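# Overview (structure and organization)
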Amino acid sequence: MLTLASEVEVLARFGRALADPIRCRILLALRAAPVYPSELAESLGVSRTRLSNHLACLRDCGLVVTVPDGRRTRYELADPRLGHALDDLRTAVLAVETDRNCCN
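The structure displayed is predicted, hence computed values, not measured ones. (Residues numbered from 1 in each chain as written. Predicted model: local features only at pLDDT ≥ 70, side-chain atom pairs only at ≥ 80, totals over all residues. Heavy atoms only, no water.)

## Focus on the packing of helix α1 (residues 7-18) against helix α2 (residues 21-32)
- Close contact between α1 and α2 brings their axes to 7 Å; oriented N to C, the two are set at 105 degrees. The angle between the axes of α1 and α2 places the two elements in the roughly perpendicular class. On α2, the residues touching Arg16, Ala17 and Leu18 of α1 are Arg23, Cys24 and Leu27.
- Each residue belonging to the contact of α1 with α2 can be placed in one class, and the counts come to four nonpolar, no polar and two charged. (Axes fitted to C-alpha atoms, helices over the stretch in contact; angles between N-to-C directions. Helix = DSSP H or I, 4+ residues; strand = E, 2+ residues; numbered from the N terminus. Parallel < 35°, antiparallel > 145°, perpendicular 65-115°, else oblique. Contact = heavy atoms within 4.5 Å. Nonpolar A, V, L, I, M, F, W, Y, C, P; charged D, E, K, R; others polar.)

Quick look at the structure:
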């Protein structure tokens, strides 16, 4: 059953998804267009197993959905507004001090 997440939960899920560079690359690829896993694994240079684990995480976070297409399944962003959010985030100016690391 689908439920609406609270604002804080939405941000936490988005943060979890963005915490891994491969998941970031997946989301950026899906921002451009829906894609099949085999094509995505090849374009990102990761194994299908590794990609599958990351796609499962993104599905669990509610950011991507699967769309049956005959005998294949393609992935796309769950909401088109996520693409706009990704664009806003990737073009944001961060105040980063070079001698500091982001907390773990």
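## Some points on the packing of aromatic side chains
- Following the criterion strictly, the structure yields zero aromatic pairs and no others.
- Here the guanidinium or amino end of Arg72 rests over the ring plane of Tyr36, the centre of that ring lying 3.7 Å away. (Phe/Tyr/Trp six-rings, centres within 6.5 Å; stacked < 30°, edge-to-face > 60°. Lys NZ or Arg CZ within 6 Å of the ring centre and 35° of its normal.)

## Observations concerning the pairing of strand β1 (residues 64-69)
- With six bridges joining them, β1 and strand β2 (residues 72-77) adopt antiparallel strand pairing. If you follow Thr66 over to β2, its bridge partner there is Tyr75.
- A loop of two residues connects β1 with β2, the two strands running antiparallel in sequence, and Gly70 in this loop sits at a positive phi of about 65 degrees. (Pairing = 2+ DSSP bridges.)

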